[in-house]
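Report on the structure
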Amino acid sequence: MTTLLLKNATLLVTMDDADSCWENGGLYVEDNIIRQVGPTDALPQSADEVIDARNMVVLPGLVNTHHHFYQTLTRNLPQAQNANLFTWLRVHYPIWARLTPEAIAVSTQTALAELMLSGCTTTSDHTYLWPNGARIDDQIAAAQAMGCRFHAARGSMSVGESRGGLPPDSVVEDEAAILRDCQRVIEQYHDASRYAMLRIVLAPCSPFSVSPELMRQSVELARAYGVHSHTHLAETRDEADYCAATFGRTPVELAEDLGWVGEDVWHAHMVHPAASEIARLGQSRTGVAHCPSSNMRLASGIAPIGPLRQAGARVGLGVDGSASNDGSHLLAEARQALLLQRVTGDPAALTAHEALWMATRGGASVLGRDDIGSLAPGMAADFIAYRLDTLGLAGGACHDPLAALVFCQPPQVDLSVINGRVRVRDGVLLDVDLPTLIERHNALARALVRDELR
């Protein structure tokens, strides 16, 4: 057994059920499990590793509920900088059709590095096209090497343009093959145990890129194996128009018809539900990944996060694809969520504490985890710390250290411990050669776009 002691934190925020906070706080870890939390002088005074968190605020690791790692390769394309979702997708689909196994692996590590340095310790990713021999196995291997807790969503598209869908036929898969691979991936990789570092999610892409039959069969397969399900839903008015014309239903009504509601399901975006649909989503405890930066970038609208949470829906944060956000900074996403909700006219529509709760406890709930998201005995040893004596927090952290993380310039994390293992120390991501990774990532990005657009 190995032990770790963190002590002397200026403020330790647990996000536990009692919302406990400790000045001069700390925690004690055995292997990958938190055993004690509280004032430093009430903890064991020695351990195999001791971390002095003086001048730091400590909180649970952040949880990212929606992303597309591969899109780091196509950030900021000039052709898509001023486009709505459907136009944006049509620009990107032919480029993504050139993805390779190496591109999937390298972009996964790049996105994870950015997430981890922002304070993320658990993330889901939704990759829904697998061209040129790429498989989710490539992504899983890359993620395991980074040491981040990972929910790998085996995404899919099956309805191309020739069948009335949005994506070109070149990037869709056969539905029987999709279901076979989904079953294989669950059986090979899914870990249902407490403190699992890897879980599998089944994730057909959207109502405009898969058939109702695949949606229904996917969620049935997921439930047969006890895994969760994820898709995009109610993101834009164009999607609502497509569902009305194609299925005679709203996106939420279609999801309900197909069994895509409940505590084992979460939807990305949920920008345009009707009031009655919000009530039903809450009653069924369906999850929502709120992605404010992407929704703003693509002019999709403002998701009704307050009403969804009040109705009982499980709501977490997602940075979304790095080509519709162009960043993977989860703490910055919490700040964006706070600001965007206030645009509606209520200066208290979302508080700093609520934004961070969504980024921790909310995200854990969306992913179906009761072992992460808070700091308490028996919870996974996933915690982060930000220095308070920095330029960006000067004059803010001295008044309210926790809220400063959201109201002031979102900092990079100074310390990150995942599953009891230090992954970021003094702001440096350990065991990753970032300059080499970035160089290879940029070479792949240039080739991917150059070859398609030349």
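Summary of the structure given here. Please read these numbers as outputs of a predicted model, since none were measured by experiment. (Residues numbered from 1 in each chain as written. Predicted model: local features only at pLDDT ≥ 70, side-chain atom pairs only at ≥ 80, totals over all residues. Heavy atoms only, no water.)

**Quick look at the side chain of Glu-175**
Of note, Glu-175 is situated in helix α4 (residues 175–189). The buried charged residue Glu-175 lacks any salt bridge partner; its closest oppositely charged side chain belongs to Arg-163, at an N-O distance of 4.4 Å. When residues no more than four places from it in sequence are discounted, the contact partners of Glu-175 are Ser-158, Arg-163, Ser-211, Glu-213 and Leu-214. (Helix = DSSP H or I, 4+ residues; strand = E, 2+ residues; numbered from the N terminus. Buried < 20%, exposed > 50% of the residue type's maximum accessible area, 1.4 Å probe, protein only. Lys, Arg positive; Asp, Glu negative; His and termini not counted. Salt bridge = Lys/Arg side-chain N within 4 Å of Asp/Glu carboxyl O. Contact = heavy atoms within 4.5 Å.)

**Quick notes on unusual backbone geometry**
Glycine aside, residues mostly have negative phi angles, and peptide bonds mostly take the trans form. A positive phi angle is found at Asn-132, which is not glycine, with a value near 55 degrees. Structurally, the position occupied by Asn-132 is in the loop between β7 (120–127) and α3 (136–146). With a phi close to 60 degrees, Arg-285 is a non-glycine residue in the positive phi region. In this structure, Arg-285 sits in the loop between α8 (275–283) and β12 (287–290). With a relative accessible area of 32%, Arg-285 lands in the partly exposed category.

**Overview of helix α5 (residues 212–225)**
What sets the pattern is the α-helix's 3.6 residues per turn: residues three or four places apart point alike. In this model, α5 (14 residues) spans 20 Å end to end at C-alpha, consistent with the 20 Å of a helix rising 1.5 Å per residue. In this structure, the buried residues of α5 make contact with β8 (149–156), α4, β9 (198–204), β10 (228–233) and β11 (265–269). A positive backbone phi angle near 75 degrees is found at Gly-226, which sits one or two residues after α5. (Expected span 1.5 Å × (residues − 1).)

**Regarding the packing of helix α2 (residues 101–118) against α3**
At a minimum axis separation of 8 Å, α2 and α3 run at an interaxial angle of 35 degrees. Remark: the crossing between α2 and α3 carries right-handed chirality. Here α2 contributes Pro-101, Ile-104, Ala-105, Thr-108, Gln-109, Leu-112, Ala-113 and Met-116 to the contact with α3, which in turn contributes Asp-138, Gln-139, Ala-142, Ala-143, Ala-145 and Met-146. Of the residues in the contact of α2 with α3, the class split is ten nonpolar, three polar and one charged. (Axes fitted to C-alpha atoms, helices over the stretch in contact; angles between N-to-C directions. Left-handed = near helix turned anticlockwise from the far one by under 90°. Nonpolar A, V, L, I, M, F, W, Y, C, P; charged D, E, K, R; others polar.)

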